[in-house]
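# Coordinate inspection notes
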Amino acid sequence: MAERSVLVTGGTGGLGPAVVSAFRQTGWRVVVPRRESATGPEPAAAGPDRPVADLMDPAGVARAVAVAAGDPAAPLRAVVNLVGGYADGGRVHETPVEEFERMLALNLRPTYLVTQAALPHLVAAGGGAVVCVSSRAALAPFPGAAGYVTAKAAVLAFANAVAVEYRASGVRCNTVLPSVIDTPANRAAQPDADHHRWVTPAEIAPVIRFLASDESAPTSGASVPVYGRA
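What comes next is a walk through the structure. (Residues numbered from 1 in each chain as written. Predicted model: local features only at pLDDT ≥ 70, side-chain atom pairs only at ≥ 80, totals over all residues. Heavy atoms only, no water.)

### Overview of the environment of Ser5
Within the element layout of this structure, Ser5 appears in strand 1 (residues 5-9). Each C-alpha atom, one on Ser5 and one on Glu165, is 22 Å from the other, the two residues being 160 residues apart in sequence. Apart from the residues within four sequence positions on either side, Ser5 is in contact with Trp28, Arg29, Ala68, Ala74, Pro75, Leu76, Arg77 and Ala78. Of note is the side chain of Ser5, whose polar atom sits 2.6 Å from the backbone oxygen of Ala74. (Helix = DSSP H or I, 4+ residues; strand = E, 2+ residues; numbered from the N terminus. Contact = heavy atoms within 4.5 Å. Polar contact = N/O pair within 3.5 Å; in protein donor to acceptor, adjacent residues only side chain to side chain.)

### What about the sheet that holds strand 4 (residues 128-133)?
Reading across from one edge, 2-1-3-4-5-6 is the order of the six strands in this open sheet, with parallel pairing throughout. Sheet topology places strand 2 (29-31) and strand 6 (223-226) at the edges, where each strand pairs with a single neighbour. For this sheet, the mean inter-axis angle between neighbouring strands, taken without regard to orientation, is 20 degrees. Pairing of strand 3 (residues 76-81) with strand 4, which is carried by four bridges, proceeds in the parallel orientation. (Pairing = 2+ DSSP bridges. Axes fitted to C-alpha atoms, helices over the stretch in contact; angles between N-to-C directions.)

### Details of the packing of helix 3 (residues 97-124) against helix 4 (residues 146-165)
Viewed as axis vectors pointing N to C, helix 3 and helix 4 meet at an angle of 20 degrees, and their least axial separation amounts to 7 Å. Viewed along their axes, helix 3 and helix 4 adopt a mutual orientation that is roughly parallel. For the element pair helix 3 and helix 4, the recorded crossing hand is right-handed. On helix 4, the residues touching Phe100, Met103, Leu104, Asn107, Leu108, Thr111, Tyr112, Thr115 and Leu119 of helix 3 are Ala146, Gly147, Tyr148, Thr150, Ala151, Lys152, Ala154, Val155, Phe158 and Val162. Of the residues belonging to the contact of helix 3 with helix 4, the class tally is 13 nonpolar, five polar and one charged. (Parallel < 35°, antiparallel > 145°, perpendicular 65-115°, else oblique. Left-handed = near helix turned anticlockwise from the far one by under 90°. Nonpolar A, V, L, I, M, F, W, Y, C, P; charged D, E, K, R; others polar.)

### Some details on the pattern of salt bridges
In total, this model carries three salt bridges according to the counting rule given. Between Arg29 and Asp49 there is a salt bridge whose closest N-O contact spans 3.0 Å. With Arg29 in strand 2 and Asp49 in the loop between strand 2 and helix 2 (58-68), this pair connects stretches of sequence that are 20 residues apart. According to the relative accessible area criterion, Arg29 is buried, its value standing at 14%. Residue classification places Asp49 among the partly exposed residues on the basis of a relative accessible area of 30%. Of the charged contacts, one joins Arg187 and Asp182 as a salt bridge, the two residues approaching to 2.6 Å between their closest N and O atoms. Residue Arg187 is classed as partly exposed on the basis of its relative accessible area, which comes to 35%. (Salt bridge = Lys/Arg side-chain N within 4 Å of Asp/Glu carboxyl O. Buried < 20%, exposed > 50% of the residue type's maximum accessible area, 1.4 Å probe, protein only.)

### Quick look at the environment of Asn160
Position of Asn160 relative to the elements: it lies in helix 4. With 62 residues separating them in the primary sequence, Asn160 and Ala222 have C-alpha atoms 7.8 Å apart.

What follows is the structure in structure tokens.
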């Protein structure tokens, strides 16, 4: 029987299945919210709870967090925020503000709402961990992605704020910063790139699991590069 629960958002995305598997292999109860219309592979063969929830909506987030915190035998001890996305764009003067705001909403709003809703449960459980996903682009921007770069920098700043605000309550917050993740979608978008240099989901997942575990108890407010050889 699992003795602790983790809420993993974006659990069916490019990185999600590897993260879900990493937690399940070490005995966690895993909760993976999904949109009602979501399609795609199950994050694992059996086991994860999959409540229907729109993570852009506070009420939907509250329902998902209630499921994650609803097993007294396995209290919620970790949150992993994987939801996000990328879209090509022009330079700043060529980018409509609506596209800029869409990147902010997609990459920042679910992370904020889920973390906000989960924090009281983590505190009540005696502490826990939040892991967020930013990007190397937050530190080393590239052209044509001002909205994405700004959003991922905001995720990093938000995670650091959580780390400071909840240190005394025993809740840690850390961030991983991938380069390009080796997923089918990224390969399709960049067919001529050297894919062997990209970091794989299987390489990132153990880092996330470690940051959520008691083994990383002294670590909070860290920005962990997971670049592979890119």
